[in-house]
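As a plain string of letters, each chain reads:
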Amino acid sequence: SARESEHEARVRTGELANDVLTALRRASGSIVQTELSRIEPLLQRIYATVDPHPSFRAVRFLTTSTRGHGNLWTSLDDVAEGVTVREPSVVLSSSQLNVLAVSTFLSLNLAIDTLPLQVVALDDPLQSLDTVNLLGLADLLRRVKRSRQVIVSTHDGRLAELLARKLRPVSTADRTCTIKFDAWTRSGPDIIQDDLRPDLTPIKLAASA
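The rules behind these values
- Residues numbered from 1 in each chain as written.
- Predicted model: local features only at pLDDT ≥ 70, side-chain atom pairs only at ≥ 80, totals over all residues.
- Heavy atoms only, no water.
- Helix = DSSP H or I, 4+ residues; strand = E, 2+ residues; numbered from the N terminus.
- Rg over C-alpha atoms; globule rule 2.2 N^0.38 Å.
- Buried < 20%, exposed > 50% of the residue type's maximum accessible area, 1.4 Å probe, protein only.
- Contact = heavy atoms within 4.5 Å.
- Core = buried A, V, L, I, M, F, W, Y, C linked by side-chain atoms within 4.5 Å.
- Pairing = 2+ DSSP bridges.
- Right-handed = clockwise from strand over helix to strand, strands pointing away.
- Axes fitted to C-alpha atoms, helices over the stretch in contact; angles between N-to-C directions.
- Parallel < 35°, antiparallel > 145°, perpendicular 65-115°, else oblique.
- Left-handed = near helix turned anticlockwise from the far one by under 90°.
- Nonpolar A, V, L, I, M, F, W, Y, C, P; charged D, E, K, R; others polar.
- Expected span 1.5 Å × (residues − 1).
- Bend = angle between axes of the 7 residues up to and from the residue.

A. Broad picture of the overall build of the chain. From N to C terminus, the chain includes four helices and seven strands. Beginning at the N terminus, the succession of helices and strands in the chain can be written as α-β-β-β-α-β-α-β-α-β-β. Over its C-alpha atoms the chain spans a radius of gyration of 24 Å, topping by over 25% the 17 Å that the globule rule assigns to 209 residues. Taking the principal axes of its C-alpha atoms as reference, the chain extends roughly 95 × 60 × 30 Å. Considering the chain as a whole, with its 209 residues, one finds that 28% of them fall into the buried category. Taking contacts inside the chain between residues at least 6 apart in sequence as the whole, the part at least 24 apart equals 51%.

B. Main features of the nonpolar core. In terms of nonpolar packing, the biggest core is built from 33 residues, with Leu106, Leu126 and Leu140 touching the most fellow members. Looking at this core, the elements with two or more residues in it are helix H1 (2-50), strand E1 (58-66), helix H2 (94-110), strand E4 (119-123), helix H3 (131-144) and helix H4 (157-166). Per-element accounting of this core gives the leading share, seven residues, to H1. In this structure, Leu126 is in contact with Asn98, Leu134, Leu137, Leu159 and Leu163, ignoring residues within four places of it in sequence.

C. Quick look at the pairing of strand E5 (residues 149-153). The pairing of E4 with E5 spans five bridges and is parallel. Each residue of the ladder has a partner; that of Val119, found in E5, is Gln149. Viewed along the sheet, the connection from E4 through H3 into E5 turns out right-handed.

D. Geometry of the environment of Val99. With respect to the helices and strands, Val99 occurs in helix H2. Spatially, the C-alpha atom of Val99 lies 66 Å from that of Ser1, the residues being 98 residues apart in sequence. Among residues more than four places away in sequence, those in contact with Val99 are Val50, Pro52, Leu129 and Asn133.

E. Examining the packing of H1 against H2 more closely. Interhelical geometry of H1 versus H2 gives an angle of 135 degrees and a closest axis separation of 9 Å. What the angle tells us is that H1 and H2 run oblique. In this structure, H1 meets H2 at a crossing whose hand is right-handed. Packed against H1, whose contacting residues are Leu36, Ile39, Leu42, Leu43, Ile46, Tyr47 and Val50, the element H2 presents Val99, Leu100, Ser103, Thr104, Leu106, Ser107, Leu108 and Leu110 at the interface. Among the residues forming the contact of H1 with H2, the class breakdown is 12 nonpolar, three polar and no charged.

F. A look at the sheet that holds strand E3 (residues 83-85). Spatial strand order, E1-E2-E3: three strands in an open sheet with antiparallel pairing. Either end of the sheet is taken by a strand with one partner, and the two such strands are E1 and E3. Direction aside, the axes of adjacent strands within the sheet are offset by 30 degrees on average. H1 rests against E1 and strand E2 (69-78) of the sheet, and its axis sits at about 150 degrees to E1. The strands touched by H2 within the sheet are E1 and E2, with E1 carrying the most contacts at an inclination of about 75 degrees.

G. Just H1, in detail. Relative to the 72 Å expected for 49 residues at 1.5 Å per residue, H1 spans 70 Å between its end C-alpha atoms, a close match to the ideal helical length. Helix geometry: H1 is bent most strongly at Ile39, by close to 35 degrees, with proline Pro41 lying one to four residues after it. For H1, the full list of buried residues reads Leu36, Ile39, Leu42, Leu43, Ile46, Tyr47 and Val50. The inward-facing, buried residues of H1 contact E1, E2, H2 and H3. The first or second residue beyond H1 is Asp51, which carries a positive phi of 50 degrees.

In short, geometric facts, not functional conclusions.
This is how it looks when you write it as structure tokens:
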């Protein structure tokens, strides 16, 4: 009958649509995996620069798809012992996890050559960091500023001073400024902006016999 034919046609259309959707998910998953494989060496280099853990020094991207929704996280490897951890929170402290998160974010940002704005913005990334990881991350940001405008916000004045020293310009072609929200009035925030002077002092190497 006409109704049976219409029902069969709708069933075939539904099956075809489901096949197309499945193929699209597989194709998108393959593209994502290929892109992550391209970015992974950069993630490894950034993570190794900070070196937050003495044993788990190798990091990899992991992906899964659940009901069409993709998930991205990282695993850590202790290459010397042949141990892999799929949940970094098991072996990393909160400070080390923060370093891993920032490293992952930076690798995804730096891997894109066609960003409309060559900017990396971090909102209070230094919370929960111990002294060693704090200094390592500050040095990492100093390297990043060679290819990106780095914007960092923090509530801690001491950390702001540390970053101001670490990220200060080293030539007249560079610029580093601090913007401080000093108070709030009816007309809006009171802002203090200060451009840091370039540090043009040459590095002196001392050698002893």
